[in-house]
Amino acid sequence: MRKTPQEFKRIEVKKIIEKVLGSTRTNLVPISICVSESLDDDFTVTDFSFELSGLESKIVTLNGQRGKGFVDGLFTGLHHYFVNDYNSLEKLKLADYNVNPIMKNTRNSMGTDAQASVLLSVAVGSHGIAEFHNTSRSMIYSSFHAALEAFQFYINCDRTFDRIQLFVEDAKARNRSDVMSQCIYDLSRLTEVNTYERTKN
C-alpha cells in the first residue's frame with residue numbers, strides 16, 4: 001500500500017521525536033479492555049487499562065466510559081484523561097473508523113477466526129487526516145491499540161515542541177545560529193501535523 005503525504009510527514013516527525021525525547025518519549029501499551037452492552041441501553045460501557053511510560057511509569061485504568069459504541073467511549077475516555085496536560089489534543093477528533101476482516105488468513109472451515117484490520121482516521125484542525133491502524137484476531141483489541149497509537153503520537157509531538165522551545169532559548173543565549181536553524185526546521189515539521197501553544201516560562 002502506498003504511503004499518503006500525511007504518513008510521510010508522520011515518519012519525519014517520529015524521527016524528530018526520537019532525537020529530542022529519546023528514551024523518555026511517551027509510550028502507551030494496551031493491557032486490557034472490556035466492553036458491555038445491553039439491548040435496553042443506548043450506551044456502551046467500556047472499561048480499559050494501559051501502561052503509561054516515559055516521564056513516569058504507571059498503569060492507567062479508566063472504568064465506566066459510556067459512549068455511543070465502544071469506540072466513542074474509548075476515544076472520549078483517552079481524550080478526557082490527557083487533554084488537560086496536552087492542550088494540543090483539544091483539536092483531535094475521530095474522522096472515520098473502518099474494520100475489514102482478512103478472510104484469506106482464516107484457518108477454520110467457518111472463517112470465524114479471521115483477523116480484523118482496523119483503521120482509525122483522526123483529524124486535527126486544519127492539518128488533514130492521519131491514519132492509525134492495527135491488525136489482530138480481535139476488532140476490539142485492534143481498535144484499542146490504534147487509538148493508543150494515535151494519542152501516543154500527538155502527546156509526543158506536544159512534548160517535543162515544548163522541549164525544542166527550551167533548545168531555542170538556550171541557542172539564543174549562546175549565539176548558536178546553527179542550533180537555532182535546526183530547531184526552527186524541526187518546529188516547522190511539527191507544526192505540519194498539529195498546532196501548539198508556547199510554553200509560558
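Look up: the structure comes first, before these words.
Residues numbered from 1 in each chain as written. Predicted model: local features only at pLDDT ≥ 70, side-chain atom pairs only at ≥ 80, totals over all residues. Heavy atoms only, no water.

**Q** Where do I start with the overall build of the protein in this structure?
**A** Each helix and strand counted, the protein has 4 helices and 6 strands in total. Taken from N to C terminus, the helices and strands of the protein fall in the order α-β-β-β-α-β-β-β-α-α. The buried share of the protein, reckoned over its 201 residues, is 41%. Considering only contacts within the protein whose residues lie at least 6 apart along the sequence, 55% involve residues at least 24 apart. Carbon and sulfur atoms make up 50% of the accessible area of the protein, which amounts to about 11,400 Å² in all. For the protein, the separation between the mean place of its 24 positive charges and that of its 25 negative charges on side chains is 7 Å. (Helix = DSSP H or I, 4+ residues; strand = E, 2+ residues; numbered from the N terminus. Buried < 20%, exposed > 50% of the residue type's maximum accessible area, 1.4 Å probe, protein only. Contact = heavy atoms within 4.5 Å. Areas by Shrake-Rupley, 256 points an atom, 1.4 Å probe, with all protein chains shown as cover. Lys, Arg positive; Asp, Glu negative; His and termini not counted. Charge placed at Lys NZ, Arg CZ, Asp CG, Glu CD.)

**Q** What is the right way to read the pattern of salt bridges from this model?
**A** Side-chain pairs of opposite charge can arise whenever the charged atoms involved come near each other. Summed over all chains, the structure comprises 7 salt bridges. Two residues, Asp186 and Lys19, come together in a salt bridge whose shortest N-O distance is 2.8 Å. With Asp186 in helix H4 (residues 177-190) and Lys19 in helix H1 (residues 5-21), this residue pair connects regions lying 167 residues apart in the sequence. A salt bridge links Arg176 to Asp178; the shortest N-O distance between them is 2.7 Å. Exposure remark for Arg176: the relative accessible area of 32% places this residue in the partly exposed category. (Salt bridge = Lys/Arg side-chain N within 4 Å of Asp/Glu carboxyl O.)

**Q** Explain the sheet that holds strand S1 (residues 27-36) to me, please; I cannot follow it from the model alone.
**A** What holds strands together in a sheet is hydrogen bonding between their backbones, with the strands either parallel or antiparallel. Taken together, the 3 strands give an open sheet; going across it, the order is S1-S2-S3, and neighbouring strands pair in antiparallel fashion. If you trace the sheet from one side to the other, it starts and ends with S1 and strand S3 (58-67), each paired once. In this sheet, neighbouring strand axes are inclined to one another by 20 degrees on average, regardless of whether the strands run parallel or antiparallel. The pairing of strand S2 (residues 44-53) with S3 spans 8 bridges and is antiparallel. (Pairing = 2+ DSSP bridges. Axes fitted to C-alpha atoms, helices over the stretch in contact; angles between N-to-C directions.)

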